[in-house]
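# Descriptive structure summary
Now for the letters of each chain:
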Amino acid sequence: MNLSIVGQRASVTARTPDTATLGSYHRAMPTCGACGKDLPSADFAFCPFCGAAAARPADEQRKTVTVVFADLVGSTELGSRLDPEVLRGVMQSYWATARQAIERHGGSVAKFIGDAAVGVFGVPTAREDDAARALRAAWDLVADMAALSEDVQRQAGVPIAVRVGVNTGPAVVDLSAADVGLMVGDVANVGARLEQAAPTGQVYVGESTYLLARDAADFEALPGLAVKGKN
């Protein structure tokens, strides 16, 4: 179920994703302690080759996380119209705005990938309202970017905006890593697909997030969304 947030009590658009590709985040391939073969994924509870329980490093934990994917819409056109120095200033303002919106509600910035910002809630400490916090952060980011766009329009002559995807699910997280983006799980991939499907200035939210935060927002059902890689 996906959401589009409009207002402090979010007006969210719900759809059930039917697809997503695995593997937005990768780390060194884990190895079975019994037979020594590489495991296809850190999500494997048992080795598919010998059947032994797959040992997991002490700093790796399976956690429920909520990811927030934000993308700067029209960044290619922005780059073609602005001088590099001006574009750098705009991007720095965007990154700072995204970080502030995510951290304001207790999340962490997993990474910035070009014009995409990725936030995560539930790492290292999980809260029972992480999903609701993520929705508030997503809405704040959309609203804050609208305010920033006015400044950019005055100074650079072009508007800016974001679209956002929010999704909740299990992931294996390396708690020892400085980069909280080091997590493996389908949750991040579906979140990215939701962001890609969202219209400008909208937030699409996955069904798990909706179920956890349905009292924190108003949701609007959407037609079914096909997400690459899911049945």
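Structural data are supplied above this passage.
Because the structure is predicted, anything quoted here is derived from the model rather than measured.

### Remarks on the overall build of the protein
Each helix and strand in the protein was counted, giving five helices and eight strands. Helices and strands in the protein line up, N terminus first, as β-β-α-α-β-β-α-β-β-α-β-α-β. Restricting the contact set of the protein to residue pairs at least 6 apart, pairs at least 24 apart contribute 70%. When the accessible surface of the protein is totalled, it reaches about 11000 Å², and 50% of it is carbon and sulfur.

### Description of the pattern of salt bridges
Applying the stated criterion to the full structure yields eight salt bridges. The closest approach of N and O atoms between R104 and D140, which form a salt bridge, is 3.0 Å. Remark: D140 occurs in helix 3 (residues 130–156) and R104 occurs in helix 2 (residues 84–104); sequence separation between them is 36 residues. Salt bridges here are not isolated pairs; linked through shared partners, they connect D71, R163 and E195.

### Concerning the environment of A192
Relative to the assigned elements, A192 resides in helix 4 (residues 186–197). The exposure class assigned to A192 is buried, which follows from its relative accessible area of 7%. In this structure, the C-alpha to C-alpha distance between A192 and F69, residues 123 residues apart in sequence, is 5.9 Å.

### Brief notes about the environment of H105
Mapped onto the elements, H105 comes out in the loop between helix 2 and strand 3 (108–113). The residues contacting H105, other than those within four sequence positions of it, are F121, R133, R136, A137 and D140.

### With respect to the side chain of D140
Given the relative accessible area of 14%, D140 is considered buried. A distance of 3.0 Å separates polar atoms of two side chains, one belonging to D140 and the other to R104. Every residue in contact with D140, bar those within four places of it in the chain, is listed here: A101, R104 and H105.

### A word on the pairing of strand 2 (residues 60–73)
Within strand 2, 10 of the 14 residues are buried, which leaves the element mostly enclosed by the surrounding structure. Note that strand 2 and strand 5 (residues 161–174) share 14 bridges and pair antiparallel. When the bridges of strand 5 are listed, K63 appears paired with A171.

### Examining helix 3
Compared with the 39 Å implied by 1.5 Å per residue over 27 residues, the 36 Å span of helix 3 between its first and last C-alpha is a close match. G157 lies just past helix 3 and shows a positive phi near 80 degrees.

### What to know about the packing of helix 2 against helix 3
Interhelical geometry of helix 2 versus helix 3 gives an angle of 160 degrees and a closest axis separation of 9 Å. On the basis of their axis angle, the class for helix 2 and helix 3 is roughly antiparallel. Pair helix 2 / helix 3 crosses with right-handed handedness. Two secondary-structure elements touch here, helix 2 through V86, V90, S93, Y94, T97, A98, A101, I102 and R104 and helix 3 through A137, D140, L141, D144, M145, L148, V152 and A156. Its residues assigned to classes, the contact of helix 2 with helix 3 comprises 12 nonpolar, two polar and three charged.

### Considering helix 2
Helix length check: helix 2, at 21 residues, gives a terminal C-alpha distance of 30 Å against a target of 30 Å (1.5 Å per residue), a fit within 8%. The secondary structure elements touched by the buried residues of helix 2 are strand 2, helix 1 (75–81), strand 3, strand 4 (116–121), helix 3 and strand 5. In the stretch just after helix 2, G106 is the one whose phi turns positive, near 90 degrees.

### Topic: the pairing of strand 3
Across five bridges, the pairing between strand 3 and strand 4 is antiparallel. Within strand 4, the position partnered with F112 by the bridge is A117.

### Quick notes on the nonpolar core
Ranked by internal contacts, the top residues of the largest apolar core, which has 35 residues, are V164 and V166. Sorting the residues of this core by element identifies strand 2, helix 2, strand 4, helix 3, strand 5 and strand 7 (203–205) as the ones contributing at least two each. Broken down by element, the residue count for this core peaks at 12 residues, all from helix 3. Ignoring any residue separated from it by four or fewer positions in sequence, one finds V164 in contact with V68, F69, A70, A138, L141, V142, E195, A198, Q202, V203 and Y204. Core analysis: the second largest hydrophobic core is formed by 12 residues, V65, F69, V118 and V173 among them.

Procedures and definitions
- Residues numbered from 1 in each chain as written.
- Predicted model: local features only at pLDDT ≥ 70, side-chain atom pairs only at ≥ 80, totals over all residues.
- Heavy atoms only, no water.
- Helix = DSSP H or I, 4+ residues; strand = E, 2+ residues; numbered from the N terminus.
- Contact = heavy atoms within 4.5 Å.
- Areas by Shrake-Rupley, 256 points an atom, 1.4 Å probe, with all protein chains shown as cover.
- Salt bridge = Lys/Arg side-chain N within 4 Å of Asp/Glu carboxyl O.
- Buried < 20%, exposed > 50% of the residue type's maximum accessible area, 1.4 Å probe, protein only.
- Polar contact = N/O pair within 3.5 Å; in protein donor to acceptor, adjacent residues only side chain to side chain.
- Pairing = 2+ DSSP bridges.
- Expected span 1.5 Å × (residues − 1).
- Axes fitted to C-alpha atoms, helices over the stretch in contact; angles between N-to-C directions.
- Parallel < 35°, antiparallel > 145°, perpendicular 65-115°, else oblique.
- Left-handed = near helix turned anticlockwise from the far one by under 90°.
- Nonpolar A, V, L, I, M, F, W, Y, C, P; charged D, E, K, R; others polar.
- Core = buried A, V, L, I, M, F, W, Y, C linked by side-chain atoms within 4.5 Å.

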